[in-house]
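Examination of the molecular architecture
Chain by chain, the residues run as shown.
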Amino acid sequence: IWLPGKLARQVALHRAHPEVVLSCTDVGHLEAPHDGSILARHGHGEGVFSFEDLLRENCLGTSAVIVRTAAARQVGGFDETQRYTEDYRFWLELGLIGPLAFVPEVLCLYREAEGSVTSGGVAAGMWQAAELEVYAKFLAAHPQWRGHGALRDGVARAELDRGWAMLRRGAW
């Protein structure tokens, strides 16, 4: 659910900063509307956030993102071959061509339905496996990032999250 003013706020940000290729607002969950996004939890204020932050974790709520059309076309859009995390590789490719920006207001509300692709994939560890696949594809396309600390952090986080998901399922 987009809250009143969401789009106007982001369009104003893009007009003020034409170099920004993507912006995201904070996201609340309908069940807990004030829990905030990953970016907000890490203390990001309004403005540009680093590519390294994005490399560490998919910190963007897809429903809260707007992207410049030319930038989306330049990187080829979503990877339609992936069922999970297809957005993440798209964000990474965009982050390589221009700045990413954050509006630290909850202007989008999200509901994660039980049994949805998202909740089922996270619980089964498939989401995290798909994140690891994104990192592998990213490295294949951009080998200069191999060994970068933010990438190592991201892979380690995804491996840990996948391990916990598997453990909760009893998949030893």
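In this text the structure is predicted, and so the values were computed from the model without any measurement.

1. A closer look at a nonpolar patch on the surface
A cluster of nonpolar residues, Leu 160, Trp 164, Leu 167 and Trp 172, forms a patch on the protein surface that exposes about 550 Å² of accessible area. Examined against the element boundaries, Leu 160 turns out to sit in helix 8 (residues 149-169).

2. Section: the packing of aromatic side chains
Two measures describe an aromatic ring pair: the distance that separates the ring centres and the angle between the ring planes. What the rule picks out here adds up to seven aromatic pairs. With centroids separated by 6.1 Å and ring planes inclined at 40°, the aromatic side chains of Phe 51 and Phe 138 adopt a geometry described as tilted. You can see Phe 51 sitting in helix 3 (residues 51-56) and its partner Phe 138 sitting in helix 7 (residues 126-141), a full 87 residues away along the chain. The two residues Phe 51 and Phe 138 agree in class, both being buried. Summarising the aromatic geometry, the rings of Phe 78 and Trp 91 are spaced 6.1 Å apart at their centres and angled 65° between planes, so their arrangement reads as edge-to-face.

3. A short note on the pairing of strand 4 (residues 100-110)
As paired strands, strand 1 (residues 22-29) and strand 4 are joined by eight bridges and run parallel to one another. Paired with Gly 28 across the two strands is Leu 109, which belongs to strand 4. Pairing of strand 2 (residues 47-49) with strand 4, which is carried by three bridges, proceeds in the antiparallel orientation. Note on strand 4: the bridge partner recorded for Gly 47 is Phe 102.

4. Overview of the packing of helix 5 (residues 86-97) against helix 7
Contact geometry for helix 5 and helix 7: axes closest at 9 Å, N-to-C directions at 35°. Like other packed secondary-structure pairs, helix 5 and helix 7 cross with a definite hand, here right-handed. For the pair helix 5 and helix 7, the contacting residues are Tyr 88, Arg 89, Leu 92, Glu 93 and Leu 96 in the first and Glu 131, Val 134, Tyr 135, Lys 137, Phe 138 and Ala 141 in the second. Class assignment of the residues belonging to the contact of helix 5 with helix 7 gives a composition of seven nonpolar, no polar and four charged.

5. Some details on the sheet that holds strand 2
Taken in spatial order, the four strands make up an open sheet running 2-4-1-3, and their pairing is mixed. Lying at the two open borders of the sheet, with one neighbouring strand each, are strand 2 and strand 3 (65-67). Each strand axis lies, on average, 40° off the axis of its neighbour in the sheet, ignoring direction. Contacting strand 1, strand 3 and strand 4, helix 1 (residues 6-16) crosses the sheet at an angle of about 175° to strand 4. Contacts from helix 5 reach strand 1, strand 3 and strand 4, with the element oriented near 50° to strand 3.

6. Quick look at the environment of Tyr 84
If you trace the backbone, Tyr 84 turns up in the loop between helix 4 (69-75) and helix 5. As for Tyr 84 and Met 126, which are separated by 42 residues in sequence, their C-alpha atoms are 7.7 Å apart.

7. So, helix 5
Listed in full, the buried residues belonging to helix 5 are Asp 87, Tyr 88, Phe 90, Trp 91, Leu 92, Glu 93, Leu 94 and Gly 95. Buried residues along helix 5 sit in contact with strand 1, helix 3, strand 3, helix 4, strand 4 and helix 7.

8. A look at the side chain of His 142
Note that His 142 resides in the loop between helix 7 and helix 8. Owing to a relative accessible area of 14%, His 142 belongs among the buried residues under this scheme. Once residues within four sequence positions are removed from consideration, His 142 is found in contact with Glu 93 and Leu 96.

9. Brief notes about the packing of helix 7 against helix 8
When two helices pack together, you describe them by how their axes are tilted relative to each other and by the distance separating the axes. Remark: helix 7 packs on helix 8, axes separated minimally by 8 Å, with the N-to-C direction vectors making an angle of 155°. Between helix 7 and helix 8, the angle is such that the two are roughly antiparallel. Where helix 7 crosses over helix 8, the handedness of that crossing is left-handed. Contacts from Gln 128, Ala 129, Glu 131, Leu 132, Tyr 135 and Leu 139 in helix 7 reach Leu 151, Gly 154, Val 155, Arg 157, Ala 158, Glu 159, Asp 161, Arg 162 and Ala 165 in helix 8. Partitioned by chemical class, the residues of the contact of helix 7 with helix 8 number eight nonpolar, two polar and five charged.

Reading the values: rules and limits
Residues numbered from 1 in each chain as written. Predicted model: local features only at pLDDT ≥ 70, side-chain atom pairs only at ≥ 80, totals over all residues. Heavy atoms only, no water. Patch = residues over 30% accessible without salt bridge, like charges linked within 9 Å, V, L, I, M, F, W, Y side chains within 5 Å. Areas by Shrake-Rupley, 256 points an atom, 1.4 Å probe, with all protein chains shown as cover. Salt bridge = Lys/Arg side-chain N within 4 Å of Asp/Glu carboxyl O. Helix = DSSP H or I, 4+ residues; strand = E, 2+ residues; numbered from the N terminus. Phe/Tyr/Trp six-rings, centres within 6.5 Å; stacked < 30°, edge-to-face > 60°. Buried < 20%, exposed > 50% of the residue type's maximum accessible area, 1.4 Å probe, protein only. Pairing = 2+ DSSP bridges. Axes fitted to C-alpha atoms, helices over the stretch in contact; angles between N-to-C directions. Left-handed = near helix turned anticlockwise from the far one by under 90°. Contact = heavy atoms within 4.5 Å. Nonpolar A, V, L, I, M, F, W, Y, C, P; charged D, E, K, R; others polar. Parallel < 35°, antiparallel > 145°, perpendicular 65-115°, else oblique.

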